[in-house]
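What the coordinates show
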Protein chains: 2
Amino acid sequence: MDKKISLAVIKRLPRYYRYLGDLLDNGITRISSKDLSVRMNVTASQIRQDLNNFGCFGQQGYGYSVEFLYTEIKKILGLDKTYNLIIIGAGNIGQALANYVNFQKRGFNFIGIFDVNPRLIGLNIRGLEIMDIDKLEKFLSVNSIDIAVLTLPKNNAVKVCQTIIECGVKGIWNFSHVDLKTPDDVIVENVHLTDSLMTLSYKLSSGDFSDF
Amino acid sequence: MDKKISLAVIKRLPRYYRYLGDLLDNGITRISSKDLSVRMNVTASQIRQDLNNFGCFGQQGYGYSVEFLYTEIKKILGLDKTYNLIIIGAGNIGQALANYVNFQKRGFNFIGIFDVNPRLIGLNIRGLEIMDIDKLEKFLSVNSIDIAVLTLPKNNAVKVCQTIIECGVKGIWNFSHVDLKTPDDVIVENVHLTDSLMTLSYKLSSGDFSDF
């Protein structure tokens, strides 16, 4: 597949992947763009356009093969590979993520968790012992880490981000409430929970119910 | 302020609010669009356009008053009000959110937390006793709730969503991995963590580093 898929389409793929997984779980092997459009609440024409992008053409009167679609999207999303992750910041959110088994099912393996707090260091979270952040560089020198999850206060996040980048980490899943400045070849995906909650309060208080 | 602000601008406001709050914390009372643009990594012209939207005009050679901007954006985002929230699902993420003190500082008050799990019911999370989900309807009939936070498995989320809507809740902060179908006057803000992680794995595996 050499054709470049637009970012707008890529952004919708996790949602397709989720729906197709549900269909498979329910034993549904074929689906028409129309049926899928009703479930996903988008137009059938949008679905056909999106899926045509990566060579998935539904057959007239037959629909799409759910498994084929699922497998193709899985590959495009890079979910046919596995990833090594570390969590930096073993507070509530960090521990919650470490405890979330579904990530592992998708190939995201947490292999280390770090904190500065002496009361947390040594505690065991689903088989992982919380390590002293002082050991981070050493750990990164002997383990190949694809993604660092930053769940630490923003003041520390900037410094830690610099360290992990110097150690060669290319993917950052950032829950810290700060925008990180990184080189072009480092990918940051932000989850700013407070921003999300503010968007909700804006809509509630303004009565502006538009989808955005 | 009667002029309608575009959604694209509104979506950027939480980020402005965050930067302006940091400036205030650091005792900075005036800022030029140029300085703000360097900090926020957007163009100065974008900043001027955005801020002009709600009547904030920087003065030549003087810049913007940080506090005025901060207060205006606070009002627009509805953060000059307080909100009552309940958490439904006292698993890892639910407990993490309940424990996060910064939400309360912004006016988001958690006043109830519910679960189905008998081992969790009765436990105390930052002053809130986890209640049996069976008591949810009764609770909603005597408490005015602005936002329900859904942090429960997707199969239960759909049913619970129906209940809370029938009880008059208008805001839903949805962490459950399902798209909720709601009436037009109910606002749903989704935080789909797995989708976010998949976007990151797509970028890592494809080498497509574009920002989206």
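Residues numbered from 1 in each chain as written. Chains lettered and ligands numbered in written order. Predicted model: local features only at pLDDT ≥ 70, side-chain atom pairs only at ≥ 80, totals over all residues.

1. Overview of unusual backbone geometry
This is how it is decided: Helix and strand labels come from DSSP, where a helix needs a run of H or I of at least four residues and a strand needs a run of E of at least two; each type is numbered from the N terminus. To assign burial, the other C-beta atoms lying within 10 Å of each residue's own C-beta are counted, with C-beta atoms placed from the backbone; 20 or more indicates buried, 12 or fewer indicates exposed, and intermediate counts indicate partly exposed.
Phi is positive for arginine 126 of chain A, which is not a glycine, with a value near 45 degrees. Checked against the element boundaries, arginine 126 of chain A lands in the loop between β5 (124–125) and β6 (128–132). Since 12 C-beta atoms lie within 10 Å of it, arginine 126 of chain A is described here as exposed. Even without being a glycine, asparagine 41 of chain B presents a positive backbone phi close to 60 degrees. Within the secondary structure layout, asparagine 41 of chain B lies in the loop between α2 (33–40) and α3 (44–52).

2. Observations regarding the packing of helix α1 (residues 7–25) of chain A against helix α9 (residues 193–206) of chain B
The condition is simple: Inter-axis angles, ranging from 0 to 180 degrees, are taken between N-to-C directions of lines fitted to C-alpha atoms, where helices are fitted over the stretch in contact. Orientation labels follow simple angle bins: below 35 degrees gives roughly parallel, above 145 gives roughly antiparallel, 65 to 115 gives roughly perpendicular, and whatever is left gives oblique. The crossing is said to be left-handed when, going from far helix to near helix, the turn is anticlockwise and less than a right angle, and right-handed when the turn is clockwise. Contact between two residues is assigned when their C-beta atoms, built from the backbone, lie within 7 Å. Any residue that is not Ala, Val, Leu, Ile, Met, Phe, Trp, Tyr, Cys, Pro, Asp, Glu, Lys or Arg is counted as polar, Gly included; the first ten are nonpolar and the last four charged.
Taken N-terminus to C-terminus, the directions of α1 of chain A and α9 of chain B make an angle of 125 degrees; their axes are 9 Å apart at the nearest point. With respect to each other, α1 of chain A and α9 of chain B are oriented oblique. Taken as a pair, α1 of chain A and α9 of chain B cross one another with a handedness that is right-handed. Note on element contacts: α9 of chain B touches α1 of chain A through Asp195, Met198, Thr199 and Tyr202 of chain B, opposite Ile10, Lys11, Pro14, Arg15 and Tyr17 of chain A. In terms of residue class, the contact of α1 of chain A with α9 of chain B is built from 5 nonpolar, 1 polar and 3 charged.

3. A short note on the interface of chain B and chain A
Counting residues at the interface gives 51 residues for chain B, matched by 51 residues for chain A. Those elements that place two or more of their residues in the side of chain B that touches chain A are α1 (7–25), α5 (92–98), α6 (101–105), β8 (171–174), β9 (187–190) and α9 of chain B. Examining the composition of the side of chain B that touches chain A, we find that 14 residues originate from one element, α9 of chain B, more than from any other. Partitioning the side of chain B that touches chain A into residue classes produces 25 nonpolar, 14 polar and 12 charged.

4. Here's the deal with the domain arrangement of chain A
Heads up, the rule is: What counts as a domain boundary in this text is fixed by an automatic or database domain assignment.
For chain A, the assigned domains read domain 1 (7–76) and domain 2 (83–195). Each of domain 1 of chain A and domain 2 of chain A has a C-alpha centre, and the two are 33 Å apart.

5. Brief notes about the sheet that holds strand β6 (residues 128–132) of chain B
Our working definition: At least two DSSP bridges between two strands are needed for those strands to be called paired.
The strand order across the open sheet formed by 7 strands is β5-β6-β4-β3-β7-β8-β9 (chain B), and the pairing between neighbours is mixed. Strands with a single pairing partner mark the edges of an open sheet, and in this sheet they are β5 (124–125) and β9 of chain B. In this structure, strand β3 (residues 83–88) of chain B lies alongside strand β7 (residues 147–150) of chain B, joined through 4 bridges in parallel fashion. Along β7 of chain B, the bridge assignment pairs isoleucine 88 of chain B with leucine 150 of chain B. Where helix α9 (residues 193–206) of chain A meets the sheet, it contacts β3, β4 (108–115), β7, β8 and β9 of chain B, and its direction lies at approximately 170 degrees from that of β9 of chain B. Sheet strands in contact with helix α8 (residues 154–166) of chain B are β3, β7 and β8 of chain B, and its direction is about 170 degrees off that of β7 of chain B.

6. Quick notes on helix α4 (residues 66–76) of chain A
Residues that lie three or four places apart on an α-helix share one face, since the helix turns once every 3.6 residues. To keep things clear, this is the line we draw: By arc we mean the arc of the directions from the helix axis to the C-beta atoms, nothing more.
Residues Val66, Leu69, Glu72, Ile73 and Ile76 of chain A constitute the buried set of α4 of chain A. Seen end-on, α4 of chain A carries its buried residues on one side only, within an arc spanning 135 degrees. Taken together, the buried residues of α4 of chain A touch α1, β1 (30–31), α3 (44–52) and β2 (64–65) of chain A together with α9 of chain B. One or two steps after α4 of chain A, the chain reaches glycine 78 of chain A, where phi turns positive at roughly 75 degrees.

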